[in-house]
Number of protein chains: 2
Amino acid sequence: MQKTGQDLSPTKHLVTTYLSEIKSKVDACIFDFLPTTHQHPDVHQLYQMMLDYPRRAAKGLRPALCMLLCEAFGGDPQRAINTAASLELLQNWLLIHDDIEDGSELRRGEPCLHQKHGIPMAINVGDALHCKMWEMLHRNTEILGHELAFRILSEFIQLSNQVVEGQHIELSWVSDNRWNLDEDDYLTMCIQKTAWYTCITPCRVGAIIGGASEAEIDGLVELGKEIGVAFQIQDDVLNLIGDVGRYGKEIAGDISEGKRTLVLIHLINACTAAEAQQVIDIMARPRDEKTEEEVESVLQLMQKYNSITYAQQRSQALLREASGRFNNNFAHLHDGRAKQLFLSLIHFFVEREY
Amino acid sequence: MQKTGQDLSPTKHLVTTYLSEIKSKVDACIFDFLPTTHQHPDVHQLYQMMLDYPRRAAKGLRPALCMLLCEAFGGDPQRAINTAASLELLQNWLLIHDDIEDGSELRRGEPCLHQKHGIPMAINVGDALHCKMWEMLHRNTEILGHELAFRILSEFIQLSNQVVEGQHIELSWVSDNRWNLDEDDYLTMCIQKTAWYTCITPCRVGAIIGGASEAEIDGLVELGKEIGVAFQIQDDVLNLIGDVGRYGKEIAGDISEGKRTLVLIHLINACTAAEAQQVIDIMARPRDEKTEEEVESVLQLMQKYNSITYAQQRSQALLREASGRFNNNFAHLHDGRAKQLFLSLIHFFVEREY
């Protein structure tokens, strides 16, 4: 795996310490909130299923972005805790439905929920967590008052509209068997499907609770796009070359699933027409009709045409743009722990190896 | 089909006129709200799919209950329009997901959404409408102010928790291949899965906007349970003996789907052990492994053991209880159009033939 020139090890410890601190606070909030027991055995079983994905190891990027931005704008991050927890609930219901829609097998090192309990129950568990997200946001009134709680709700509504549209674009590519995609197609999909819920909204809601101005809040859209896309590209790279034990999904699972990543789009546009046809033939077939050798042959072509390296470079470039933008736009903010941690955090996530 | 002693024809016209008046107001609100066009062709396609179920003919029971209760408590029903529209959006996303979970084929006379576009897209369209429901409820602030809009949100949260639990109970029966059910099992499931979103919450939110007291609002839970269960039993009866052109689903589709209705539960408990085993053998098999003759044989046993008649009688008894409860509990309300229409409406829905 390529490394950037920068060595982050001195700050890496600070980031991981911060992440685990936030994660335990947010987990406490979530597990205090989600129901755990019910006298009706079937409802009790539903509650256990609702706890499944939230209990699986996650890095907690989204809550960390939210809490840090709140702090960077001078707010008390504790006031953002329900909102940060809502971001985790969002992530969990989205993943449950996304895993069904993509026919995925593993999530965070364990079988996907629909692999364990079937599609009907998994859809309903996703819906149950989706409802719990709005319930958690409703509880924000107690901390933030009506007006601010409503503002946060409207941010989640905006984000929801983005994420279902991004998801539909990607599902349309599968449904239409479409492979003639360029980088712009990828960026449009990735910003809507991933960047909004992974970075734009987490940053915006944190900043709003922290007391940022409307101009400052608006400035977070571009920043969040860059970080979110960089993050997703790195995720797709790790899917191809990561370590299954640390990454938690099957390696090259995206090739098995036929996922249109930046790496794949680069390959199809860079290789010969004959190779492109061969790649598409393999990618387009259902998972269980692909051999390991075929998946491996796509991976080899990605290496031959430097598609993985290209994606890593794009991801690094986006990270540099985001860092520069953050330093420029928010030069007036106090140069304290939150700003430093934010920069370290985004480097950590884009340069992570799992 | 059995008729009750009461002849409702003089008031039936009033009810259908009122329903179509409310439906056109609520439809105007929904179609003004849902997005229709987008320059990205895939997002445009998503918008069309989101409009599919809302455009199909529906009777509009839920918005009517909401608007009538608002009026009965002396409120301006126009203030309840967004809330009524949210109830329709709720119904639509629930149906999309429910149809996938049950493996249904027809909905309101057309193929189910997942039959037209596949399960992945249909899950996402359901999620998109689900998000739109909360967006519509968020817009309530403009009409109702923050505090009342938040109260309505909390009613929808309570309802959502009920409906996913009821849905899970029913899915558990399928997953566990469970058939030794009694009427109490059915009632628990039906109240959570159907009565809450069909009657309890529509009545409660209408009453809240109309200015009802907390005691009056609480009194609507029992009333809504009775009406909601009566309504569902009648729906299950129509599934067995209705006219496909008017009913909009396949006749005896519930037998094909293996659905645990009150009719079926009565039959299994009333017939001989050998017949029960025969019925369960047929019901438990997947839809495509059942012959028409087998479905017909279950239907004949339901007739032989008067299971359909029994269900109709239970439904009628619940309706009588609900009418009596309404008259007793709300005797102090002005005896105007809204109270009369409410009573006519619940009779109409429980005695409907489509």
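Remember, predicted model here, so these are calculated numbers, not experimental data.

Parameters at a glance
Residues numbered from 1 in each chain as written. Chains lettered and ligands numbered in written order. Predicted model: local features only at pLDDT ≥ 70, side-chain atom pairs only at ≥ 80, totals over all residues. Heavy atoms only, no water. Helix = DSSP H or I, 4+ residues; strand = E, 2+ residues; numbered from the N terminus. Buried < 20%, exposed > 50% of the residue type's maximum accessible area, 1.4 Å probe, protein only. Least-squares fit on C-alpha atoms with pLDDT ≥ 70 in both. Contact = heavy atoms within 4.5 Å. Salt bridge = Lys/Arg side-chain N within 4 Å of Asp/Glu carboxyl O. Buried area = accessible area lost by both parts, 1.4 Å probe. Polar contact = N/O pair within 3.5 Å; in protein donor to acceptor, adjacent residues only side chain to side chain. Nonpolar A, V, L, I, M, F, W, Y, C, P; charged D, E, K, R; others polar. Lys, Arg positive; Asp, Glu negative; His and termini not counted. Core = buried A, V, L, I, M, F, W, Y, C linked by side-chain atoms within 4.5 Å. pLDDT = per-residue confidence, 0-100. Axes fitted to C-alpha atoms, helices over the stretch in contact; angles between N-to-C directions. Parallel < 35°, antiparallel > 145°, perpendicular 65-115°, else oblique. Left-handed = near helix turned anticlockwise from the far one by under 90°. Expected span 1.5 Å × (residues − 1). Arc of directions from axis to C-beta.

Visitor: How do you make sense of unusual backbone geometry when you look at a structure like this?
Guide: Most peptide bonds are trans, and most residues other than glycine sit at a negative phi. Residues and elements named next belong to chain B. The backbone phi angle of arginine 108 is positive, close to 50°, even though this residue is not glycine. Its location among the elements puts arginine 108 in the loop between strand 1 (106–107) and strand 2 (110–111). Located in the positive-phi region is asparagine 177, a residue other than glycine, with phi close to 50°. By the secondary structure assignment, asparagine 177 is in the loop between helix 6 (119–175) and helix 7 (183–210). On the basis of relative accessible area, asparagine 177 is assigned to the partly exposed category, the value being 44%.

Visitor: Hey, could you run me through the relation of the copies chain B and chain A in this one?
Guide: To go from the first copy of the chain to the second, apply a rotation about an axis and then a shift along the same axis. Aligned on chain A, chain B shows an RMSD of 0.0 Å; the corresponding rotation is 180° and the shift along the axis is 0.0 Å. Accordingly, the operation relating the two chain copies is best matched by a two-fold axis. Taking C-alpha positions as the reference, the residue of chain B nearest the rotation axis is His146(B), at 3.1 Å. Mapped onto chain A, 100% of the interface residues of chain B again fall at the interface, so both copies present the same surface.

Visitor: Looking at this structure, how should I read the pattern of salt bridges?
Guide: The tally for this structure, following the rule as stated, stands at 48 salt bridges over all chains. In this structure, Glu155(B) and Arg151(B) form a salt bridge, with 3.4 Å as the shortest nitrogen-oxygen distance. Linking Glu155(B) with Arg151(B), this pair stays in helix 6, spanning 4 residues, or about one helical turn. With relative accessibility at 23%, the residue Arg151(B) sits in the partly exposed group. Within this structure, Arg151(A), Glu155(A), Arg204(A), Glu214(A) and Asp218(A) form a network of salt bridges that share partners.

Visitor: I tried to follow the interface of chain B and chain A on my own but got confused; where do I start?
Guide: By a widespread convention, an interface's size corresponds to the accessible area lost as its parts come together. If you look at the interface, chain B gives 46 residues, while chain A gives 46 residues. Around 4200 Å² of area is buried between chain B and chain A when both sides are counted, 70% of it from carbon and sulfur atoms. Its largest share of buried area at the contact with chain A, chain B owes to His138(B), Phe150(B) and His168(B), together 17% of the area lost on that side. Linking chain B with chain A are 0 salt bridges. Joining chain B to chain A, the criterion identifies 19 residue pairs in polar contact (both at pLDDT 80 or more). If you tally residues by element for the side of chain B that touches chain A, the top one is helix 6 of chain B, at 31 residues. A class-by-class count of the residues in the side of chain B that touches chain A yields 20 nonpolar, 18 polar and 8 charged.

Visitor: Would you mind showing me how to read the side chain of Glu165(A) here?
Guide: If you trace the backbone, Glu165(A) turns up in helix 6 (residues 119–175). Buried and unpaired, Glu165(A) has Lys132(B) as its nearest opposite-charge partner, separated by 6.6 Å. Aside from chain neighbours lying at most four places away, what touches Glu165(A) is Gln192(A), His38(B), Val43(B), Leu46(B) and Tyr47(B).

Visitor: What is the right way to read the nonpolar core from this model?
Guide: If you look at soluble globular proteins, the nonpolar side chains tend to sit buried side by side. Membership of the largest hydrophobic core comes to 255 residues, with the highest contact counts inside it found for Met302(A), Phe342(A), Met302(B) and Phe342(B). Ignoring any residue separated from it by four or fewer positions in sequence, one finds Phe342(B) in contact with Leu65(B), Leu68(B), Leu69(B), Cys203(B), Leu223(B), Ile227(B) and Phe326(B).

Visitor: Would you mind showing me how to read the confidence of the model for chain A here?
Guide: Close reading of the predicted structure is inappropriate where its pLDDT is low. All names here are of chain A. When pLDDT is averaged across chain A, the result is 93; 94% of the residues are at 70 or more. For chain A, helix 9 (residues 244–247) is the element with the lowest average pLDDT, namely 58, and helix 5 (residues 113–117) is the one with the highest, namely 98. A low-confidence stretch, residues 1–6 stays under pLDDT 50, and its non-local contacts, those more than four residues away or across chains, total 13 contacts.

Visitor: I tried to follow the packing of helix 8 (residues 214–241) of chain B against helix 14 (residues 307–329) of chain B on my own but got confused; where do I start?
Guide: Geometrically, a packed helix pair is captured by the angle between its two axes and the distance between the axes. All names here are of chain B. Contact geometry for helix 8 and helix 14: axes closest at 9 Å, N-to-C directions at 155°. When the axes of helix 8 and helix 14 are compared, the pair comes out roughly antiparallel. Classified by chirality, the crossing of helix 14 by helix 8 is left-handed. Facing Gly219, Glu222, Leu223, Glu226, Ile227, Val229, Ala230, Ile233, Gln234, Val237, Leu240 and Ile241 of helix 8, the residues of helix 14 in contact are Ile308, Ala311, Gln312, Arg314, Ser315, Leu318, Leu319, Glu321, Ala322, Arg325, Phe326 and Asn329. Partitioning the contact of helix 8 with helix 14 into residue classes produces 14 nonpolar, 5 polar and 5 charged.

Visitor: Looking at this structure, how should I read the environment of Leu223(A)?
Guide: Residues and elements named next belong to chain A. Within the fold, leucine 223 resides in helix 8 (residues 214–241). Among the residues examined, leucine 223 registers a relative accessible area of 1% and is labelled buried. Those residues in contact with leucine 223, other than ones at most four positions away along the chain, are Ala322, Arg325, Phe326 and Phe342.

Visitor: Mind showing me how you'd approach helix 12 (residues 273–284) of chain A here?
Guide: Quick reminder: α-helices carry 3.6 residues per turn. Residues three or four places apart thus point the same way. Residues and elements named next belong to chain A. If you check helix 12, its first and last C-alpha atoms are 16 Å apart, about what 12 residues at 1.5 Å a residue would give, namely 16 Å. Inspection of helix 12 places Glu275, Ala276, Val279, Ile280, Ile282 and Met283 among the buried residues, and these make up the whole buried set. Around the axis of helix 12, the buried residues are gathered within 165° of arc, so they sit on the same side. Opposite the packed face of helix 12, turned more than 90 degrees from it, sit the exposed residues Ala273 and Ala274. Buried residues belonging to helix 12 abut helix 10 (253–257), helix 11 (262–270) and helix 13 (292–304).

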